[in-house]
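Spelled out from the first residue to the last, the chains are:
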Amino acid sequence: MSQQSQEQPQAGVGATLLEKIKSATQFKTGLGLLGIIVVLSLSSEYFLTVTNLFNIVTQTSINALLAFGMTFVILSGGIDLSVGSVMAVASAVTAGLLTSGMNMVIAIIGGLIAGTGLGLFNGLVISRLAMPAFIVTLAMKSIARGLTLIYTDGRPISGFNDAFQFLGGGKVGPIPVPVIILVIVLTICYIVLKKTPFGRYVYAIGGSEEAAELSGIKTKVIKTTVFAISGFMASLSGIVLASRLNSAQPTAGTGYELDAIAAVVLGGTSLTGGRGGITGTLIGALIMGVINNGLNLLNVSSFYQLVAKGTVILLAIYLDRRSKQAA
Amino acid sequence: MFKKKSLILSLAFLLVLTLSVNAGAFWIFGDDDGQEKEKLTVGFAVSTQNNPFFVDMKKGAEKRAEEMGVELMVADAQNDAAKQLNSIQDLLVKQIDVLVINPVNGDAIAPAVKSANDQGVPVITVDRSASDGKVVTHIASDNVKGGEMAAEYMAKQLGEEGKVVELAGIPGTSAARDRGEGFNNGIEQYDEISVIARQPAGFDRAKGMTVMENILQAHQEIDAVFAHNDSMALGAVEALKSAGRLDSTLVVGFDAIDDALTAIKDGEMNATIAQQPSLMGEMAIEKAQTIANDKDLKDYYPAKLKLITKDNVQ
C-alpha cells in the first residue's frame, strides 16, 4: 500500500516511462546534485578530477552511513538524535580494545556491539514504554557522550595497527576502502528496504502505525529493530572515522546527527515517515559532501559555509513541499 | 521500478562524463597557463575560528601573506578532527605548494600529514605538533623564554632583592616544565632574590587560592608571586586580598586571559606573559616562503612572547 506512494505518487496507468522518472523524488534531488556539480565544475578547475571525486565520496561516507541508519528510523516515523554520540562510543570502545592488544576483528565487533546495544536500548524504551523518540534519543545523546568521556577519560585514544588503518585510509586499486564499505552497506540497505517484508513493515508503520498494528504487523519489534539498525550504522561510521583519523576522539561526531537528518530529508524522505528511500539519502549526503568540498575548493570562509549549507537544506525542503502540493 | 532507476543512474553518469570531457578540454586549452603558477600558494588548516587566539593566528597569516604576495587558502576545522582531515584533502587537491597546519589534535592529524607527504607537499605545524608524519618545521610559543621574561620583570620591580613564591602548573605538562625552567634560570641570575616556596596548584584558580593561603600562613615576608598561568595568579590575588597583603606583593601570571588583563588594569595583578598567535601566523607564512626558496629550516622556531603590564595593557 504505502509501497505505492513512496516512489511514484502520481504515476497513472497510462503514464509514460519519462513521466514516471520525472515524478520520482530521487530524480529531483539527483537533478539538484547534478546542478550543483555543474556549477562547481565551472567555478573550480580542481573540482572535477578523479582524486577530488574520490575525496568527496570518502568524506561523505561517514555522514552517509549515519544517514542510512537514520533513514530506517525516519521512514518508520521516528527520529534518532543520539547517532553522533553513539558513533563516539563505538569508536572509543574499538580503539580501547585495539590499543589494549585485542585482535582487530574482536575490537570492531566490540565497538559494533556497544553502539548497537545503545540503539537497541533506545528502541526498547521508545516502543515498550511508549516514550517519544525525540526525548529518548536526546537523553541518549547526552548519556552516550558522557560514557565516551568516562571511558576515554576525556583523552583521544590513538595509534592503531596498519590493518585497522586500512579500513578508513586504505585503497583497493584506485578506490578508497570507505567508498567500498559505503557501496556494500547501501546495497544491503536497499535490498532490506525494498525486497523484504521487514522493509515493507517499516514503510507501513511510518505511513500509519495504527493501521500497521491492525493488519497484524508487530510494530514494537519493528520499531525496536529500526533503532538498533541506526545504532549499528552509527557504530560502523564511528569505527571508519577512528580508522581514518588513526585516533578515536572523545568529542567525535558532535553535531553529526543534524547532518545525517539533513541528508535524509534532502534525499526526499518525509520527516513524518512512510515515504522516501535509501538512494535518496545517498544523494542527499552527496549533496552535502559536494557543497562542503566545493566551498572549500572555492576558498569560502567556513562561516559562510554554514549559512550556505542551511540555505540549501531550506531550499530543498521548500521545493519538495511545493512539488507535493502541485501533485 | 528497477529499470527506471538504472535509467536515471546511466543518465546521470552520462551527464557527468560529458561534463568531465568538456571541462577537461577547457582546462587543456584554457588560457591559465604560466604566470599564475609563479605565485606561492599556501594552504592553512586552522583548528577553529571560535576562539580569539586562533582568529588572531589566521589574521596574522593573512596579513603577512598579502604583504609577501603569497596566495593563502584558509580552511577552518571548527575543532573537529575529521573535518580538518577532509579540508586538508580539499586543499591538497588544489595543488598547494606548502601546507601549514594548526592541528585540532596532534594524533588525529597524522593521517593528513602523511597524505601531504605522499603528494610531496611540505608541512609546517603551528602551536600544536603532529605525532606522526614528516613535518619540516614547528612553530610554537617559547615558554622557557616567557619564564625568563617573568623573572627579569620581577627582579627589576623588586630592585633585585626579595623573597618570591612560585605557583607551578600540573607536573609533567610541557607548559609547567618550560615556564618553571625559564623562571628559575632567570631568578638564579640575582643572588639577592630567593624562591622561598614552590608549590603545584594544578593551573586552577581555586587551587591557586588555597595553596597561596597556606604559603601566606607559613611565610610572613613575601615580595612577589609568579604563577605558571593566570588562573592560579588570580587565585593568589584572592588569597593575598583576604590576608590584606596584596598591596605589598607583586603578582605575575602567564597567558594574558581576559580576567588577568582586567586585574592588571585594576592594579590587582602586575604583569602577565602573552602568547602572540598573530606572530605565529606571520612566521608560518615566512617559513613557507623559505621552503619555497629551497633554503634549510630548523626543526623548531619559537614564537616570541610579550610582557603585558599596566603600561601596555589594552
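Nothing here was measured: the structure is a model prediction, and the numbers come from that model.

Enquirer: Can you break down the overall build of chain B residue by residue, with the values?
Expert: Each helix and strand counted, chain B has ten helices and twelve strands in total. Of all 314 residues assigned to chain B, the portion counted as buried reaches 50%. Taking the intrachain contacts of chain B between residues at least 6 apart in sequence as the baseline, contacts between residues at least 24 apart amount to 72%.

Enquirer: How would you summarise the domain arrangement of chain B if you had to cite specific residues and measurements?
Expert: Once the domains are mapped, chain B shows domain 1 (38-135 + 277-303) and domain 2 (143-274). The C-alpha centroid of domain 2 of chain B is placed 34 Å from the C-alpha centroid of domain 1 of chain B.

Enquirer: Residue-level account of the packing of aromatic side chains, with values.
Expert: Residue and element names in this part refer to chain B. Applying the stated criterion across every chain yields a total of three aromatic pairs over all chains. Ring plane angle 20° and centroid distance 4.3 Å describe the contact between Phe 183 and Phe 226, whose orientation is recorded as stacked. Of this pair, Phe 183 sits in helix H6 (residues 174-188) while Phe 226 sits in strand S8 (residues 224-227), and the two are 43 residues apart along the sequence. Here the two residues Phe 183 and Phe 226 agree in accessibility, since each one is buried. Geometry around Phe 254 places Arg 179 over its ring, the cationic atom sitting 3.8 Å from the centre. Positioned over the ring face of Tyr 301 is Lys 287, at 3.9 Å from the centre of the ring.

Enquirer: Outline the sheet that holds strand S3 (residues 98-101) of chain B, supporting the account with residue identities and numerical values.
Expert: Residues and elements named next belong to chain B. Pairing within the open sheet is parallel, and its six strands lie in the order S2-S1-S3-S4-S5-S11. Because the sheet does not close on itself, it has two edges, and the strands there are strand S2 (71-76) and strand S11 (300-303). Strand-to-strand twist in this sheet, taken as the mean axis angle between neighbours without regard to direction, amounts to 20°. Sheet topology note: the strand S4 (residues 123-126)/strand S5 (residues 137-141) ladder contains three bridges and is parallel. Residue Ile 124 lies in a different strand from S5, and its bridge partner there is Thr 137.

Enquirer: Tell me about the environment of Val73(A), residues and numbers included.
Expert: Of note, Val73(A) is situated in helix H4 (residues 50-75). Separated by 155 residues in the primary sequence, Val73(A) and Ala228(A) have C-alpha atoms spaced 9.4 Å apart.

Enquirer: How would you sum up the pattern of salt bridges? Please name residues and give values.
Expert: In total, this model carries 15 salt bridges over all chains according to the counting rule given. Residue Lys141(A) is joined to Glu257(A) by a salt bridge in which the shortest nitrogen-to-oxygen separation is 2.8 Å. Separated by 116 residues along the polypeptide, Lys141(A) in helix H7 (residues 133-152) and Glu257(A) in helix H13 (residues 256-266) bring together distant segments of the chain. The partly exposed category is assigned to Lys141(A), whose relative accessible area is 28%. Using a relative accessible area of 5% as the deciding quantity, one classes Glu257(A) as buried. Each of Arg64(B), Glu67(B) and Glu286(B) takes part in salt bridges that share partners, so that together they form one network.

Enquirer: Quick rundown of the UniProt feature "transmembrane region" (unreviewed entry) in chain A? Include the residues and the values.
Expert: The positions that UniProt labels "transmembrane region" (unreviewed entry) are, in the present scheme, residues 30-48, 54-74, 104-126, 133-152, 172-193, 226-245 and 302-319 of chain A. Summarising residues 104-126 of chain A: 100% helix, 0% strand, and an end-to-end C-alpha distance of 33 Å.

Enquirer: Could you give me a rundown of unusual backbone geometry, with the residues and numbers involved?
Expert: Residues and elements named next belong to chain B. The phi angle at Asn 79 is positive, at roughly 60°, despite the residue not being glycine. With respect to the helices and strands, the residue Asn 79 is situated in the loop between S2 and helix H3 (81-93). A positive phi angle, near 60°, is found at Glu 160, a position not held by glycine. Its location among the elements puts Glu 160 in the loop between helix H5 (143-158) and strand S6 (162-168).

About the cut-offs
Residues numbered from 1 in each chain as written. Chains lettered and ligands numbered in written order. Predicted model: local features only at pLDDT ≥ 70, side-chain atom pairs only at ≥ 80, totals over all residues. Heavy atoms only, no water. Helix = DSSP H or I, 4+ residues; strand = E, 2+ residues; numbered from the N terminus. Buried < 20%, exposed > 50% of the residue type's maximum accessible area, 1.4 Å probe, protein only. Contact = heavy atoms within 4.5 Å. Domains from an automatic or database assignment. Phe/Tyr/Trp six-rings, centres within 6.5 Å; stacked < 30°, edge-to-face > 60°. Lys NZ or Arg CZ within 6 Å of the ring centre and 35° of its normal. Pairing = 2+ DSSP bridges. Axes fitted to C-alpha atoms, helices over the stretch in contact; angles between N-to-C directions. Salt bridge = Lys/Arg side-chain N within 4 Å of Asp/Glu carboxyl O. UniProt positions renumbered as here; feature names shortened; annotations may be inferred.

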